[in-house]
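Each chain, written out:
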2 protein chains.
Amino acid sequence: MAVTIQDVARLAGVNSSTVSRVINGKATITDETKAKVYAAMQELDYHPNSLARSLASGSSGAIGVIVDARDAEAFANEFFSRSLFAIEKEAQARGYHVIIANGAQSRGETIENLMKEHKVDGLILPPTTVRPALMKTIGQFPYVVLGTPDTMRSEACWVDNNNEQGAELAVKHLLERGYLKIAYLGGREKRGFTKRRVRGYEKNAGGQRMVLPTDGTAEEACTVAREILSAADHPDGFVCNDNLAAFGLLKACRSCGLRIPDDIGIVAFDNYPLAEYTDPPLTIVDIDTAMLGEQTAQLLFRRIKDSRIGNQQIMLSATLVARASTERVANV
Amino acid sequence: MAVTIQDVARLAGVNSSTVSRVINGKATITDETKAKVYAAMQELDYHPNSLARSLASGSSGAIGVIVDARDAEAFANEFFSRSLFAIEKEAQARGYHVIIANGAQSRGETIENLMKEHKVDGLILPPTTVRPALMKTIGQFPYVVLGTPDTMRSEACWVDNNNEQGAELAVKHLLERGYLKIAYLGGREKRGFTKRRVRGYEKNAGGQRMVLPTDGTAEEACTVAREILSAADHPDGFVCNDNLAAFGLLKACRSCGLRIPDDIGIVAFDNYPLAEYTDPPLTIVDIDTAMLGEQTAQLLFRRIKDSRIGNQQIMLSATLVARASTERVANV
DNA sequence: ACTGATTGTGCAAGCGGTTGCACGACATGG
DNA sequence: CCATGTCGTGCAACCGCTTGCACAATCAGT
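Residues numbered from 1 in each chain as written. Chains lettered and ligands numbered in written order. Predicted model: local features only at pLDDT ≥ 70, side-chain atom pairs only at ≥ 80, totals over all residues. Heavy atoms only, no water.

A. Highlighting the protein's contact with DNA strand C. The environment of DNA strand C is formed by 25 residues, the closest being A:Ile5, A:Ser20, B:Thr18, B:Thr28 and B:Thr33. When the atoms of DNA strand C within 4 Å of the protein are grouped by moiety, sugar and phosphate amount to 68% of the total. Side-chain polar atom of A:Ser20 to a phosphate oxygen of DNA strand C: 2.4 Å apart, as the coordinates give it. Separating a phosphate oxygen of DNA strand C from a side-chain N or O atom of B:Thr28 is a distance of 2.2 Å. Counting only elements with at least two residues in the surface near DNA strand C, the list comes to α2 (16-24) and α4 (50-57) of chain A together with α2 (16-24) and α4 (50-57) of chain B. The dominant element in the surface near DNA strand C, judged by the number of residues it contributes, is α2(A), at four residues. Among the residues forming the surface near DNA strand C, the class breakdown is nine nonpolar, 12 polar and four charged. (Near = heavy atom within 4 Å. Polar contact = N/O pair within 3.5 Å; in protein donor to acceptor, adjacent residues only side chain to side chain. Helix = DSSP H or I, 4+ residues; strand = E, 2+ residues; numbered from the N terminus. Nonpolar A, V, L, I, M, F, W, Y, C, P; charged D, E, K, R; others polar.)

Quick look at the structure:
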């Protein structure tokens, strides 16, 4: 049916192995022969069958990106999408394909299959999948975790942004701007990255600790915030775990008649395009998701190429982008 | 190195072809033999090499999803992400993998390679890739366009939501609520889906036509809206091309001292989680992206299974979700 | 009991490439 | 001028699985 390497060889008057070598540049070939082969390929519109090539060469030419998504939200979140974009870019530059797979429903099965059935040469995993059981089977295989795993933190191979340091930036900024009583709003407290952000918050909040976890929705953030803000000595500064929490908080402030940034200061995590279009625009802790994806992919490809490269941990730092939601003149 | 089908066959005391048949259920096999084979597979922790399997069987077991993204935004947009989630779900249910690839930089090359190198059994394409040249090569191959192509609209195979009807809903809703002068804000007018939305707007706006295209950013929407709103007889109803436009418009209204929904009514396209958390919450035209992805994937798999299934066009309808941004009592 | 259909399994030829080994041709050095 | 290298290409095995064909064994029908 399709045109094979044999057809090309026949037309070019050489052996198929020569054609293979021309394609892969794996040996010294006369310019004359090369020309004949190229001409034949052109004429027949030859495209090597990547399946056959993979089988013979032992590498699939693809990497797998596992997502842990029970619902569409995780797929849709900016963090994942933007990282994925960067990952795909790195992969394409190296002639690799990206297979995405949802690992949520199938506890590890998907991941192991991708690996054991030779479908991918390497894997990018979400932190939740890092468990001793899985690591035992996957340990020898090229993988990188995108995020900090809760367990096996110092053994696993991962790339993450520094959530703890990000939260520190946020708290310091609020204090500098003259806010006195700082709370942390949003996020499921059990989640790894929330825990680390909370830790960064605690370290710098000067002994105070007011952590207000939610179920992750804007709605609950609003409810929780409203309750807190109705108390007499409510906080005047908030670090929000994400944009949803910030939106809920904004709504709560409106309904309580509190003004931002005069009465309340707000810093939110994540660089969300719309965070600049709230009223007022939100000061944010910027997570460079593109860089994150890029670094993760680069590390993975390094490990695919050279299996001796051991596990390493890369921590990228976050930066603060000040906007109007904390624009209070200090110590008024 | 890895355990092969031969190893299993040897241990089970049968021929490798029997093992193959057991795995694929392609023939009648004694229960006894089956049991032996399963036991051997278990004992050796056998995983069939999908590469070899694909080569022999002629199908890769993967579908490709092409994204047309110059920047990360397209990847990050809800539309794409949520559809992708649904597509992956359908694929996983059928034992297929999903390969994503950015087709933006490489005009068609990526797409053709995916197909011609037998890397995928089918493709989901963005509307922008539908060109006669590409269709000539891809026409015989199972594909579905996610969105309405501008050219070859009636020949190509696609699934889309009804943007025209969605815009009609929006305009009718505004008129019913007593808004009189309706404008369309946002979107690059050249883009296919924007064009169709504008058409739906025009049909129902009762002869008036005020279309305000932008470069797609919230910033420009804000600038454009501010200018329009400063005129004496400015519009009192807006259909926004997306949430970014709506956010820009909200900001413009604030700065002009116009109140929503009393002075201005707003309907925005797309079901964005935060659209409920603006001030006031936005009335939206809900595009069911999950359904869109699902239908697209299902159609693709039907075509993969049965190559005689011709090109078809599926149009899903949009629904309106009324919220406070249009909550004006009619004819006050 | 004999023939023909059915069932269960083995054999071996692919699927379309890659790659170690071999070998002839030509260049180089003593 | 012969021994020794290097270069360019062909040969054939192999990657691990699928599948058409063959064949022995079992079963049903008359």
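After that view of the structure, there is still more to cover.
B. Fine view of unusual backbone geometry. Residue A:Pro261 is reached from A:Ile260 by a cis peptide bond, and omega for that bond is 5°. Relative to the elements of secondary structure, A:Pro261 occurs in the loop between α12 (243-256) and β9 (265-269). Residue B:Pro280 is bonded to the preceding B:Asp279 through a cis peptide linkage, with omega at -5°. By the element assignment, B:Pro280 lies in the loop between β9 (265-269) and β10 (283-286). Even without being a glycine, A:Asp270 presents a positive backbone phi close to 80°.

C. Inspection of the side chain of B:Arg197 at higher detail. With respect to the helices and strands, B:Arg197 occurs in helix α10 (residues 192-204). Apart from residues no more than four positions distant in its own chain, B:Arg197 is found in contact with B:Asn163, B:Ala167, B:Tyr184, B:Asn241, B:Phe269 and B:Asp270. (Contact = heavy atoms within 4.5 Å.)

D. Expanded view of the sheet that holds strand β8 (residues 237-240) of chain A. All names here are of chain A. Spatially, β7-β6-β8-β9-β10-β12 is the arrangement adopted by the six strands of the open sheet, whose pairing is mixed. For this open sheet the edge positions go to β7 (211-212) and β12 (319-321), each flanked by a neighbour on one side alone. In this sheet, β12 lies alongside strand β10 (residues 283-286) in antiparallel orientation, the contact comprising three bridges. Bridged to Asp 286 within β12 is Thr 319. With respect to the sheet, helix α9 (residues 163-176) is in contact with β6 (182-185), β8, β9, β10 and β12, its orientation differing from that of β9 by roughly 165°. (Pairing = 2+ DSSP bridges. Axes fitted to C-alpha atoms, helices over the stretch in contact; angles between N-to-C directions.)

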